[in-house]
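For reference, the chains in residue letters:
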Amino acid sequence: MTANNTVVQGQLDPFKPETVLAYELGFKADIIPNRFRLNAAAFYYDYHDQQYLGSYVVPGYGPLGRFDNIPKSEIWGVEFNTEINPVRHVYLMQNFGFLRSKYQKFQAINAAAVNAQYQQTGIWAPIYTDYAGTEGMNPKLTLNGSGDYRLTFLRRYEGEAGVDWNFRSAQSMVPGGTGNYQLPAYFLLGAHITVHPLKGPWTATVYASNILNREYFTTSSQSTTTYFRIPGPPRFIGGRIGLTY
């Protein structure tokens, strides 16, 4: 929270420390040595007084940020990472994450209801909602990976050409957020070509990110009475040279 949007003492009320009891179970395995590696894990986080940046409605002014506690909440999910070399020169990598979160005990400002009431009445007033049993503000599914083709040429150099991808499912901006209070899902695609000597200090890469030039949003924020989304960069093509000393 920054000083320029702290206008009343209520925004500075102290909040409690956060505690979490975490359980995790996983494994790492070379299922087929040098061909198929799989790492996986399942986890469960039991939160008490989870800290989050919520809203505080100032009469005559509007909603502003304030740190609050979620009395009881939980997060659980699974994730894995796999590296595959199915045929000579081809290398595949994939990360997968599936996460679910839930508020078990939580009452908070309903941002959508507060804004709707203001549109109808011109009055800023807090409206609270019981979010017990509601999904948390996390994307449920994340995927990222790459596929590369590597080849030695002229006996002294190695070249690599590949593509990479990234997917994130929709994410709520506020508790129970939908529609305009939710970041849409997105999928990004990139590519690269790299050359370096087998024995030498340099490497050169040409790359492209967001090849499809998708419009997407990485996060969101709130400033006084405005909710806004922060966009990710558009298509970008560039290069880089690295030296190792």
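Residues numbered from 1 in each chain as written. Predicted model: local features only at pLDDT ≥ 70, side-chain atom pairs only at ≥ 80, totals over all residues. Heavy atoms only, no water.

Colleague: When you look at the overall build of the protein chain in this model, what are you seeing that I'm missing?
Modeller: Helix and strand counts for the protein chain stand at one helix and 15 strands. Against the 2.2 N^0.38 benchmark of 18 Å for 245 residues, the protein chain shows a C-alpha radius of gyration of 24 Å, more extended than a compact globule. Taken along the three principal axes of its C-alpha coordinates, the protein chain extends 75 × 40 × 35 Å. Counting the 245 residues in the protein chain, one finds 32% classified as buried. In the protein chain, the share of contacts with a sequence separation of at least 24, taken over all contacts with a separation of at least 6, comes to 59%. Total accessible area on the protein chain stands at roughly 15000 Å², and carbon and sulfur atoms take up 57% of it. Taken together, the 20 basic and 17 acidic charged side chains of the protein chain have centroids lying 9 Å from each other. (Helix = DSSP H or I, 4+ residues; strand = E, 2+ residues; numbered from the N terminus. Rg over C-alpha atoms; globule rule 2.2 N^0.38 Å. Buried < 20%, exposed > 50% of the residue type's maximum accessible area, 1.4 Å probe, protein only. Contact = heavy atoms within 4.5 Å. Areas by Shrake-Rupley, 256 points an atom, 1.4 Å probe, with all protein chains shown as cover. Lys, Arg positive; Asp, Glu negative; His and termini not counted. Charge placed at Lys NZ, Arg CZ, Asp CG, Glu CD.)

Colleague: When you look at the sheet that holds strand β8 (residues 157–168) in this model, what are you seeing that I'm missing?
Modeller: Two pairing modes exist for strands in a sheet, parallel and antiparallel, and in both the strands are linked by backbone hydrogen bonds. As summarised here, the arrangement of the nine strands in space is β1-β2-β3-β4-β7-β8-β11-β12-β15, forming an open sheet in which the pairing is antiparallel. Each edge of the open sheet carries a strand with a single partner, namely β1 (19–32) and β15 (236–243). Across the sheet, the axes of successive neighbouring strands diverge by a mean angle of 15 degrees, strand direction being ignored. Relative to strand β2 (residues 36–58), β1 runs antiparallel, the two sharing 13 bridges. Note on β2: the bridge partner recorded for D30 is R37. (Pairing = 2+ DSSP bridges. Axes fitted to C-alpha atoms, helices over the stretch in contact; angles between N-to-C directions.)

Colleague: Is there a simple way to explain the pattern of salt bridges in this structure?
Modeller: Proximity of charged atoms lets side chains of opposite charge pair with each other. Per the stated rule, a full pass over the model turns up six salt bridges. Among the ionic pairs, D46 bridges to K72, the shortest N-O distance being 2.5 Å. A residue pair is termed long-range when its members are at least 10 positions apart, and D46 in strand β2 and K72 in strand β3 (residues 62–84) qualify at 26 residues. Here R150 makes a salt bridge to E160, at a shortest N to O gap of 3.0 Å. Separated by ten residues along the polypeptide, R150 in strand β7 (residues 141–153) and E160 in strand β8 bring together distant segments of the chain. (Salt bridge = Lys/Arg side-chain N within 4 Å of Asp/Glu carboxyl O.)

Colleague: Could you clarify how one ought to interpret a nonpolar patch on the surface in this entry?
Modeller: Where nonpolar side chains cluster on the molecular surface, the patch consists of W202, I241, L243 and Y245 and spans about 560 Å² of accessible area. Of note, W202 is situated in strand β12 (residues 202–209). Take W202: its relative accessible area is 32%, and that puts it in the partly exposed class. (Patch = residues over 30% accessible without salt bridge, like charges linked within 9 Å, V, L, I, M, F, W, Y side chains within 5 Å.)

Colleague: I tried to follow the environment of V58 on my own but got confused; where do I start?
Modeller: Relative to the helices and strands, V58 resides in strand β2. Judged by its relative accessible area of 7%, V58 falls in the buried class. Between the C-alpha atoms of V58 and V7, which are 51 residues apart in sequence, the distance is 8.4 Å. Excluding residues that lie within four positions of it along the chain, V58 makes contacts with V7, V8, L64 and W124.

Colleague: Help me out: how do you make sense of the nonpolar core in this one?
Modeller: Considering soluble globular proteins, one finds that nonpolar side chains tend to be buried as a cluster. Listed in full, the seven residues of the largest apolar core are Y52, I70, Y103, F106, A108, Y131 and M137. Excluding its chain neighbours within four sequence positions, the residues that come into contact with Y131 are Y103, F106, A108, I109, N110, P175 and G176. (Core = buried A, V, L, I, M, F, W, Y, C linked by side-chain atoms within 4.5 Å.)

Colleague: Just to check I follow, could you spell out unusual backbone geometry for this structure?
Modeller: The general pattern is negative phi for most residues beyond glycine and trans for most peptide bonds. Phi angles above zero are rare outside glycine, and R155 is one such case at about 65 degrees. Tracing the backbone through its elements, the reader meets R155 in the loop between β7 and β8. A relative accessible area of 81% places R155 in the exposed class. Unlike most non-glycine residues, N210 shows phi in positive territory, near 50 degrees. Structurally, the position occupied by N210 is in the loop between β12 and β13 (217–223).

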